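Structural description and commentary
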Amino acid sequence: MIQLYGWDERDFQGHNGRVLSAVSNDTITWSLNTQFDFQFDYPLFAKHGLSIQNEMIITAPVPGYDDQAFRVNSVEKSMGVLTVHAYHVFWDLMQNFVEDINIVEKTGADAVQHIMESTQFPHEFTYNSFVGNVANARIVRMSPIAALIGTDDNTLISRWGGEFEWDNFHFNHVAQLGKDRGVVFRNRRNLLGYKATEDLTNTVTRIMPEGYNGLFLPELYVDSPLIDNYTTPRIAKIEYSDIKAIDEDSVSADGEVDPDAIPKDEALIALREAATKEFSKNHIDRPGEQYELNVVMLEDTEEYKDSGIFSRVYPGDTATFIHDEDDLNVKARMTGYTWSPSTEQYLTQSYLSSTNLRGGSDIEHKIDSIGNQLTVIDQAIVKKAANQSNTVGWSSQTPPDIIGSKEGDIWYQNVGVHVIMWLYHDGRWQEAVSDIAGHDATNITEGTFNAAAINVINLNANSIVTGFLNANRIKAGQISGTNLNINLDTGAVEFKKGYITGNNGRIRFDLDRSYFQSYSAANRGFSINDGGFYFYDNFLSSNKTEVGRFSADILSNNTAGLSIGSDTGISLNAGGQSISIGQGGLHNSGVGLVGDVYVMGNLDVMNSKNAVHVTRDGLRATPAYETAESYLGDIGEGKTDKLKTTRVEIEPLFLDTVNTDISYQVFLQSYSSASVWVASREVGFFIVESDTPEANFGWEIKAKRRGHEDERLVPTEVDVKDYAKNVDGMED
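Residues numbered from 1 in each chain as written. Predicted model: local features only at pLDDT ≥ 70, side-chain atom pairs only at ≥ 80, totals over all residues. Heavy atoms only, no water.

1. Describing the overall build of the protein
The secondary structure content of the protein amounts to 7 helices and 50 strands. For the protein, the residues scored as buried account for 35% of the 732 residues in total. Total accessible area computed for the protein in this model is approximately 43800 Å², and 49% of it derives from carbon and sulfur atoms. (Helix = DSSP H or I, 4+ residues; strand = E, 2+ residues; numbered from the N terminus. Buried < 20%, exposed > 50% of the residue type's maximum accessible area, 1.4 Å probe, protein only. Areas by Shrake-Rupley, 256 points an atom, 1.4 Å probe, with all protein chains shown as cover.)

2. Quick notes on the packing of aromatic side chains
Under the definition given, this model contains 20 aromatic pairs. When the ring of Phe90 is compared with that of Phe171, the centres are 5.3 Å apart and the planes differ by 80 degrees; the resulting orientation is edge-to-face. Of this pair, Phe90 sits in the loop between β7 (81-88) and β8 (98-107) while Phe171 sits in strand β12 (residues 170-174); the two residues are 81 residues apart in sequence, bridging distant segments of the chain. The residues Phe90 and Phe171 share a single accessibility class, namely buried. (Phe/Tyr/Trp six-rings, centres within 6.5 Å; stacked < 30°, edge-to-face > 60°.)

3. Comments concerning the sheet that holds strand β30 (residues 478-480)
Hydrogen bonding along the main chain pairs the strands of a sheet, whether they run parallel or antiparallel. Spatially, β30-β31-β32 is the arrangement adopted by the 3 strands of the open sheet, whose pairing is antiparallel. The open sheet is flanked by β30 and β32 (493-495), the only strands paired with a single partner. Mean inter-strand twist for the sheet, computed between neighbouring axes without regard to direction, equals 5 degrees. Across 3 bridges, the pairing between β30 and strand β31 (residues 484-487) is antiparallel. Across the sheet, Gln478 pairs through a bridge with Asn487, a residue of β31. (Pairing = 2+ DSSP bridges. Axes fitted to C-alpha atoms, helices over the stretch in contact; angles between N-to-C directions.)

4. Thoughts on the environment of Glu198
Mapped onto the elements, Glu198 comes out in strand β14 (residues 191-199). Linking Glu198 and Pro287, residues 89 residues apart in sequence, is a C-alpha distance of 6.1 Å.

5. As for a nonpolar patch on the surface
Residues Leu572, Ile579, Ile581, Val591, Leu593, Val597, Val599, Leu603 and Val605 make up a contiguous nonpolar surface patch of about 780 Å² in total accessible area. Only β41 (577-582) and β42 (591-594) provide two or more residues apiece to the nonpolar patch. Note that Leu593 resides in strand β42. (Patch = residues over 30% accessible without salt bridge, like charges linked within 9 Å, V, L, I, M, F, W, Y side chains within 5 Å. Salt bridge = Lys/Arg side-chain N within 4 Å of Asp/Glu carboxyl O.)

6. Here we look at the side chain of Thr338
Along the chain, the position of Thr338 falls in strand β23 (residues 328-340). In this structure the side chain of Thr338 is engaged in a polar contact, spanning 2.6 Å, whose partner is the side chain of Thr348. For Thr338, the contacting residues outside a window of four places in its chain are Thr27, Ile28, Thr29, Tyr346, Leu347 and Thr348. (Polar contact = N/O pair within 3.5 Å; in protein donor to acceptor, adjacent residues only side chain to side chain. Contact = heavy atoms within 4.5 Å.)

7. Regarding helix α1 (residues 108-116)
Every buried residue of α1 is accounted for by Gly108, Ala111, Val112, Ile115 and Met116. Along the axis of α1, the buried residues cluster in a sector spanning 125 degrees; they form a single face. The inward-facing, buried residues of α1 abut β8, β9 (126-129), β10 (134-142), α2 (144-149), α3 (156-160) and β12. (Arc of directions from axis to C-beta.)

8. Some thoughts on the sheet that holds strand β45 (residues 631-639)
Strand order across the open sheet formed by 3 strands is β45-β50-β47, with antiparallel pairing between neighbours. Sheet topology places β45 and β47 (665-670) at the edges, where each strand pairs with a single neighbour. Neighbour-to-neighbour, the strand axes of the sheet open up by a mean angle of 20 degrees, direction not taken into account.

9. As for the confidence of the model for the protein
If pLDDT is low for a region, its predicted coordinates should not be looked at in detail. Per-chain confidence: the protein averages 79 in pLDDT, with 76% of residues scoring 70 or above. Note on residues 301-310: pLDDT under 50 across the span, and 17 contacts to partners over four residues away in sequence or across chains. Under a pLDDT of 50 for its full length, residues 354-388 has, in the predicted model, 108 contacts with residues more than four places off or in other chains. (pLDDT = per-residue confidence, 0-100.)

10. Remarks on the pairing of strand β46 (residues 645-649)
What you see with β46 is a clean split: Thr646 and Val648 sit on the buried side and Thr645, Arg647 and Glu649 on the side with no burial. Across 5 bridges, the pairing between β46 and strand β49 (residues 685-690) is antiparallel. By the bridge assignment, Thr645 is partnered in β49 with Glu689.

Encoded structure:
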């Protein structure tokens, strides 16, 4: 569930949260080392809507972790709806500051500690770092966020590498998040399609390796075995600050040698080996391939939900993507997602090939990503495909005979710059479009298109002269006709004449006569015209009977309001309670209420306030007893003792309702020939005495109602003329 907390709350497992039950359009976005935020819409007047303010904390479910805390950063109000944006509380560190620190020859764990202990003011975050490689950095005048995950050269991520795991007010700095849970996405099962694009932007075939303190190879460069596969060498310098040679700079003043330094000839060999591994292990000499994939979580589908198959992946996890026909077999890690916390479902997922550049961004020209980039598309379409709708495939070959192919499946075949579209129809694959890229549709003569799987960039419709065009979505600017214009960009629909109606005619929107009507099979209905709603019996009859109406009433006390009227009566019913006005209620006229009535303000009554009782002669009314001031009363009996006195305690609950600090009245009635009187009145009791022992008596107390002690014949807001007209029946 999604809950709202005060800005200083830290116990998110307790009972201080306020549940936000009306959240919509909710999206949590996570990107490895760069982003973790939450945005949603909420009705302003829904429960707790008015309580949402900047800097408050909202907790929400996220994949793989306990509910996470997000700090409200902005609240936008528009037409009764709040749009709330919040960042993960880790970004609270953005408000802090690191002035000037120099981290020399420290591990990643030491570097994190140095940064977090050097903030301008204290913070409440706990942290761990498990990155052990050694590096240097000079951090000057930046926030802790920038110092930890910033993209500048002198930051923790740039110099030490690693990945961040955010968990409320704690974070971990690790070499790599997630694990390989054995999840496989395979074509004809849960990999529904893909598109691949080769990219040479970050390809490197010649490396200039640089060791600690400016150590270079005599020959300067190490070449890839694939260097001749490209028109020119693709050169980059890579630093290996952990490779140190013994020289005068590695010897301290007392003659001790840096324990990490090795003889220079061994250091040069280590440089060559490190550069060679960039080609043999990290494959930076190969083109990057960007993939767009359709995948589905099988356990979310009806077909596989009880099969025990697990295809769930969490941040940093590795999954395998296989397409047998296209010889695709890629291991990739989740590096981003969008997520709906209200449904606890992924919206999108992003993956990066597991063959990444080693930790640390020490290539001189920035290489933002090495390897295969995969992005999972809209889950709504994917889930439909897993529940027996059509599938889509891509290949440079003709479509294979796949068991389970069904009517409407589509296959795209790349042939050079051309794209042939195949359609599975009448039990076999048929060439539907000879060249989509060239918009040649001469072979489309029959069959059905699944328009959800087709993206037509440019369609010339001059030759469409008959038949029907069926599609799930039509994207265009404007659809125009003689009497109807639809602007698909602005959403405007303009009718010039005509009407809209259903097959049975019971709903009709008539533009010529400016009305909207709806009626039932029982011939009861309503129409909207001239700014009002009108309700009728015998709706289709020429002498239909109006039974009610409501419209704007601009004359009610010179203020615009809503007028509801009926010649017979009005009844409002909900949950077994009702309000009846006019005929049909408890009375043949007037207002009848069925159910408990609670008045949270003043109640002014011009006539009687009666209790109604069942008697042998029907229902009879007894009027309420009223006084000029606000009194409450209690009644009881007592008896004096042998000393001719007794103490009468005022009941504690009654004391809560009245003020006995001021004078109150006690009335006595003797039930014998003895005389009784009130000897004293105290805050919590009164004393009664008698002239004979053990005298029986009755008593009644009247005390001012607490909070209304000074009220007497309070003026009302009812106008005297209204009273005269409605009660006395007189106009003047």
